[in-house]
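Structural characterization, general
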There are 2 protein chains.
Amino acid sequence: MSSQEQGKFIVVPEGSVTTPKGFRAGGLHCGLKKTERHDLGAIVCEVPAAAAGVYTLNAFQAAPLRVTQESIAQDGKLQAMIVNSGNANACTGQQGEDDARAMRAAAAKALGLEVHHVGVTSTGVIGELLPMHKVLGGIEELPQRVKTDGGDDFCQAILTTDLVQKMTCVRVSIGGHDIHIAGAAKGSGMIHPNMATMLGFITTDAKIESQHLQLLLNRVTDNTFNMITVDGDTSTNDMVVVMASGLAGSETLNPQHPDWEAFAAAFQYVGEYLAKAIARDGEGATKLIEVNVVGAESDNAARAIVKSIIGSSLVKSAVYGADANWGRIIAAVGYSGQSVNVNTVDIRLGDITVLEQSRPVKFDEEQALAYLKTDTIHIHVNLHMGSGKATGWGCDLTYDYVRINAAYRT
Amino acid sequence: MSSQEQGKFIVVPEGSVTTPKGFRAGGLHCGLKKTERHDLGAIVCEVPAAAAGVYTLNAFQAAPLRVTQESIAQDGKLQAMIVNSGNANACTGQQGEDDARAMRAAAAKALGLEVHHVGVTSTGVIGELLPMHKVLGGIEELPQRVKTDGGDDFCQAILTTDLVQKMTCVRVSIGGHDIHIAGAAKGSGMIHPNMATMLGFITTDAKIESQHLQLLLNRVTDNTFNMITVDGDTSTNDMVVVMASGLAGSETLNPQHPDWEAFAAAFQYVGEYLAKAIARDGEGATKLIEVNVVGAESDNAARAIVKSIIGSSLVKSAVYGADANWGRIIAAVGYSGQSVNVNTVDIRLGDITVLEQSRPVKFDEEQALAYLKTDTIHIHVNLHMGSGKATGWGCDLTYDYVRINAAYRT
């Protein structure tokens, strides 16, 4: 079920991370990227906002992630998130940690905030030290650049190999008050998130405590950011942070509030929108692939099978080539490590059944070709074993993925 | 340590699966491949040979694998292996199983053998029924085609997208008698073996019982075929079969025999040679990548880390582009799921140290570029945590991988 089917929230056209009350954002070029594109940005809130985050499980977690966790741990609040692109500040040792702290301190000073109310994120090349004079020079300019209409500028500042900005905003009624939830994210390579994806920023003007925000973020992340893959590589810098200003004037939300599920559904929509946008804009991608598995022994089994299919280089290449090669899909089901009844598997590509009860079904190759040439491909698998189900998203594997990654540093 | 360093065996130039005493082999075109290349082959032994096999752990194990296991189970012996390429006979239901049995029966009749002394293998497209009139017609011709110099013809018959034949033969002295071990294998996509790779055939004239052959095959497979990956996809048809004719005139080998380790080392060489040949000839590959991990908590941890690195699309793309992007290597170490001390990791590319005690080392980019343009790339990782070590092999990710797999069926 798409969360939007709940019908309790509406998408705000042209909404951005500054649509929720209390938020400003902005971006600028400080010199980390070779082109003149923005490479430094910030989201700033009028008040300390309830905050929650999820972080990569990669053992080599980058320095800024540790600094951000430390900030949130202090009193569960953030008033600003600073982000740079072009350099991940990962695997940079003590100097990298010192640099992340220096970024935080400089941003706090420039914006007039408590140091522990500032979070830091970085994305880009691993293993190079940040050119701090450029970063610190940029941070000094940030206060003038941070505006209520700066959502687009912020979005540009977080991109690396991404081709498109990824942003959405929804409105939902909480106890009669309209509140907003907005999000911005970046991809687009080293995307196989485990707990979080490579930079997601969610803002809301709902009133909610940090612990409940964390609860909801964990749940939504598991069903959205953690269910996408571009290349099977889990980054050192994955992070999703949410800030809630509480300025919408609505009651405090918690899991007992009658509108909690409406809020959760709206939140899920934002997470799912961003996750799908990251998958569709995966490096070199020409198509979004959505995999639905039903009838598995458990939801966890279904999730593993979804990830096995969506991560298969052979499935991804076949989708790129519009080849209805379902043998690769069933092979991926078979090596997922999950229990499978080899005689009861159905596979559909969109509405076209290609396998029923594990037997090949004669299908119209022309029709399949036409379907596989569209820009969103749905792969449906029914195992007929139980009620476990899951959905995940990925993209096709193309020449351009190889081109982009064969010479990323140079 | 390469097994060849034991110095107890020598490689036989131009040796093939028919070099061990008692074996003939051959191949022919029966019409499964669109081009005139061989697509049906056989290895035949003068006597029932002690046999052992390892098979894919993919849940959708193809029909011929089940039939071969059944044959070996009867009395631990095989006298012939029949193989077709161009069609995997996988996910073909009862009809596929009937077809595999019909192939076995027809080959037994044509060659004058017991039905249970014949094994069957298939490789190619998944989910299509074998055109049995072509296969059976080809099998009738097999007896004339199977010769003592038919190793090359056999090797051609097992190839699909492979570019080169993969065959080797060694000689080792057992109790004063020269015996041979030879192998032939095919790749080159859907290669991420779990228990075995996609078709390996090993012959030997050593005298050894099936149970000891199985023991050795399991051990060697774990260190060779199970340590390669081309694309992370575990096939439905992976199988390695070994046949021992016992015709060299040597004593019966078993783990207590003084020459057992010499035999095992020679066997390991054959497995490793074939595994590396499959990796180097991976679909679209231009380079062989060898990953050595030492200093891990255990050999199993080292194996998992090797597989994480060798399976990373980003590492593979960087090697293709000759980009010394070690950040991707350490990211893969970090998401391997194994325990890692984030402060003590060394990484070398060939002889070039790029990371020491987790700190970037200034290296000569020109020198690194020159090294990464060679055709065999060694990635060395030392975790400085324990004595666990492992080696594995893979290949770079290239435009051609995508081209080959975007339109495989068509």
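Since the model is a prediction, treat every value here as computed from it, not as a measurement.

1. Digging into the overall build of chain A
- When its secondary structure is counted, chain A shows 11 helices and 17 strands.
- Taking 22 Å as the expected radius of gyration for a compact globule of 410 residues, we find that chain A reaches 21 Å, a close match to that expectation.
- Overall, chain A is about 65 × 55 × 35 Å in size when its C-alpha atoms are taken along their principal axes.
- Residue pairs at least 24 apart in sequence account for 81% of intrachain contacts in chain A once pairs closer than 6 positions are excluded.
- Total accessible area on chain A is roughly 14,300 Å²; 47% of this is exposed by carbon and sulfur atoms.
- In chain A, 33 positive and 44 negative side-chain charges are present, and the distance between their average locations comes to 2 Å.

2. With respect to the environment of A:D222
Residues and elements named next belong to chain A.
- Checked against the element boundaries, D222 lands in helix α5 (residues 210–223).
- Note on D222: relative accessible area 32%, which makes it partly exposed.
- Measuring from C-alpha to C-alpha, the distance between D222 and A59 comes to 19 Å, with 163 residues separating the pair along the chain.
- Ignoring sequence-local partners within four residues, the contact set of D222 consists of M227 and R303.
- One polar contact links D222 to N226, side chain to side chain, over a distance of 3.1 Å.

3. Here we look at the sheet that holds strand β17 (residues 388–395) of chain A
All names here are of chain A.
- Read across the sheet, six strands follow the order β15-β14-β13-β16-β12-β17 without closing on themselves; strand pairing throughout is mixed. A strand with exactly one partner marks an edge of an open sheet, and here the two such strands are β15 (359–360) and β17.
- Both strand β13 (residues 346–349) and strand β14 (residues 352–356) contribute to a ladder of three bridges, which runs antiparallel. Within the sheet, the bridge partner assigned to R348 lies in β14 and is T353.
- Sheet strands in contact with helix α6 (residues 260–280) are β12 (288–296), β16 (376–382) and β17, and its direction is about 45° off that of β17.

4. A look at the relation of the copies chain B and chain A
- Rotating chain B by 180° and moving it 0.0 Å along the rotation axis overlays it on chain A with an RMSD of 0.0 Å. One copy is carried onto the other by what is essentially a two-fold rotation axis. Relative to the rotation axis, the C-alpha of B:Y399 is the closest in chain B, positioned 2.5 Å from it.
- Of the residues that chain B buries at the interface, 100% are likewise interface residues in chain A, meaning the two copies contact each other through the same surface.

5. Quick look at the interface of chain B and chain A
- At the interface, 50 residues of chain B touch 50 residues of chain A.
- Carbon and sulfur atoms make up 61% of the surface buried where chain B meets chain A, a total of about 4,100 Å² over both sides.
- Where chain B meets chain A, there are zero salt bridges.
- Elements with a contribution of two residues or more to the side of chain B that touches chain A: α8 (313–320), α9 (326–334) and α11 (399–406) of chain B.
- Of the residues forming the side of chain B that touches chain A, the biggest block, seven residues, is contributed by α9(B).

6. Observations regarding the UniProt feature "binding site: substrate" (unreviewed entry) in chain A
All names here are of chain A.
- When the UniProt feature table is mapped onto this chain numbering, "binding site: substrate" (unreviewed entry) sits at T160, K186, T197, E283, N405 and T410.
- What makes K186 buried here is its relative accessible area of 0%.
- Only 3.3 Å separates the side chain of K186 from the side chain of T123, close enough to count as a polar contact.

7. Things to note about helix α8 (residues 313–320) of chain A
- A large share of α8(A) lies buried, amounting to seven of its eight residues.
- Those residues of α8(A) lying buried are A:S313, A:L314, A:V315, A:K316, A:S317, A:A318 and A:V319.

8. Quick word on helix α6 (residues 260–280) of chain B
- With 21 residues, α6(B) should reach 30 Å at 1.5 Å per residue; the first-to-last C-alpha distance of 30 Å fits that figure.
- Counting buried positions along α6(B) yields 17 of 21 residues, so the element is predominantly enclosed.

9. Digging into unusual backbone geometry
Residue and element names in this part refer to chain B.
- Residue A322 is not a glycine yet carries a positive backbone phi of 55°.
- Relative to the elements of secondary structure, A322 occurs in the loop between α8 and α9.
- Taking relative accessible area as the criterion, A322 reaches 8% and is therefore assigned buried.
- Notably, S358 is not glycine yet its phi reads approximately 65°, a positive angle.
- Along the chain, S358 falls in the loop between β14 (352–356) and β15 (359–360).

10. Quick look at the pattern of salt bridges
- Under the criterion given, the structure shown has 22 salt bridges over all chains.
- Put simply, A:E97 and A:R66 hold a salt bridge, and the shortest N to O gap is 2.5 Å. With A:E97 in helix α2 (residues 93–111) and A:R66 in helix α1 (residues 63–75), this residue pair connects regions lying 31 residues apart in the sequence.
- A:R66 gets classed as partly exposed once you look at its relative accessible area, which sits at 33%.
- We note a salt bridge from B:R403 to B:D400, for which the minimum N-O separation is 3.2 Å. Pair noted here: B:R403 and B:D400 are both in helix α11, with a separation of three residues, about one helical turn.
- For B:D400, a relative accessible area of 36% corresponds to the partly exposed category.

What counts, and at which threshold
Residues numbered from 1 in each chain as written. Chains lettered and ligands numbered in written order. Predicted model: local features only at pLDDT ≥ 70, side-chain atom pairs only at ≥ 80, totals over all residues. Heavy atoms only, no water. Helix = DSSP H or I, 4+ residues; strand = E, 2+ residues; numbered from the N terminus. Rg over C-alpha atoms; globule rule 2.2 N^0.38 Å. Contact = heavy atoms within 4.5 Å. Areas by Shrake-Rupley, 256 points an atom, 1.4 Å probe, with all protein chains shown as cover. Lys, Arg positive; Asp, Glu negative; His and termini not counted. Charge placed at Lys NZ, Arg CZ, Asp CG, Glu CD. Buried < 20%, exposed > 50% of the residue type's maximum accessible area, 1.4 Å probe, protein only. Polar contact = N/O pair within 3.5 Å; in protein donor to acceptor, adjacent residues only side chain to side chain. Pairing = 2+ DSSP bridges. Axes fitted to C-alpha atoms, helices over the stretch in contact; angles between N-to-C directions. Least-squares fit on C-alpha atoms with pLDDT ≥ 70 in both. Buried area = accessible area lost by both parts, 1.4 Å probe. Salt bridge = Lys/Arg side-chain N within 4 Å of Asp/Glu carboxyl O. UniProt positions renumbered as here; feature names shortened; annotations may be inferred. Expected span 1.5 Å × (residues − 1).

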